[in-house]
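Given next are the chains, with one letter for each unit.
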Amino acid sequence: MTHNLLIAGYYGFGNTGDEAILTALLAELRALRPDLDFTVVCDDAEGTARRYNVAAVYWKDLPAVLAAAERADLILLG
């Protein structure tokens with residue numbers, strides 16, 4: 001069974017530190033739980049989706065963010 005995790009933070013803005021955090025977070029979670037699907041709330045949805053192999057939504061697209069939150073089994077903010 002696949003579970004959906006929504007991750008929201010300061011991602012997709014080109015900040016090296018935040019991108020490193022997201023890289024490490026995804027790597028660790030994928031290693032622990034390969035059944036997880038991820039959606040990341042970010043500034044550059046297309047680039048984030050491509051770079052991290054995740055679904056992504058633009059942080060100012062509130063209907064998309066809300067829809068992603070409703071689909072999520074768990075939401076991680078930070």
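Within any chain, residue numbers begin from 1 and follow the written order of that chain's sequence. Where totals are concerned, whole chains, interfaces and linings use all residues; where local detail is concerned, this predicted model gives features only for residues with pLDDT of at least 70, and gives and counts side-chain atom pairs only at 80 or more. Think of the side-chain values as coming from all heavy atoms in the structure, minus any hydrogens and water.

Visitor: How do you make sense of the overall build of the protein chain when you look at a structure like this?
Guide: Each helix is a run of H or I in the DSSP string that is no shorter than four residues. Each strand is a run of E no shorter than two, and both are numbered from the N terminus. Within the protein chain one finds three helices and four strands. Each helix and strand of the protein chain, placed in order from N terminus to C terminus, yields the pattern β-α-β-α-β-α-β. In this description the radius of gyration comes from C-alpha coordinates, and the expected globular size is given by 2.2 Å times residues to the power 0.38. By the compact-globule yardstick of 12 Å for 78 residues, the protein chain fits well, its C-alpha radius of gyration being 11 Å. C-alpha atoms of the protein chain, sized along the principal axes, occupy 30 × 25 × 20 Å. Buried residues in the protein chain amount to 32% of all 78 residues. Contact criterion: two residues are considered in contact whenever any of their non-hydrogen atoms come within 4.5 Å of each other. Contacts in the protein chain between residues at least 24 apart in sequence constitute 57% of all its contacts with a sequence separation of at least 6. Note on charges: Lys and Arg go in the positive column, Asp and Glu in the negative column, and His and the chain ends are not counted at all. Where a charge lies is defined by one atom per residue type, namely NZ (Lys), CZ (Arg), CG (Asp) and CD (Glu). Taking the 6 positively charged and 11 negatively charged side chains of the protein chain as two groups, their mean positions are separated by 3 Å. Here the term buried applies to any residue with accessible area under 20% of the maximum for its type, exposed to any over 50%, and partly exposed to those in between, with areas from a 1.4 Å probe on protein chains only.

Visitor: What's the story with the side chain of Thr 39 in this structure? I'm lost.
Guide: Its location among the elements puts Thr 39 in strand E2 (residues 36-42). Not counting chain neighbours up to four residues away, the residues in contact with Thr 39 comprise Leu 5, Leu 6, Ile 7, Ala 55, Ala 56, Val 57 and Ala 68.

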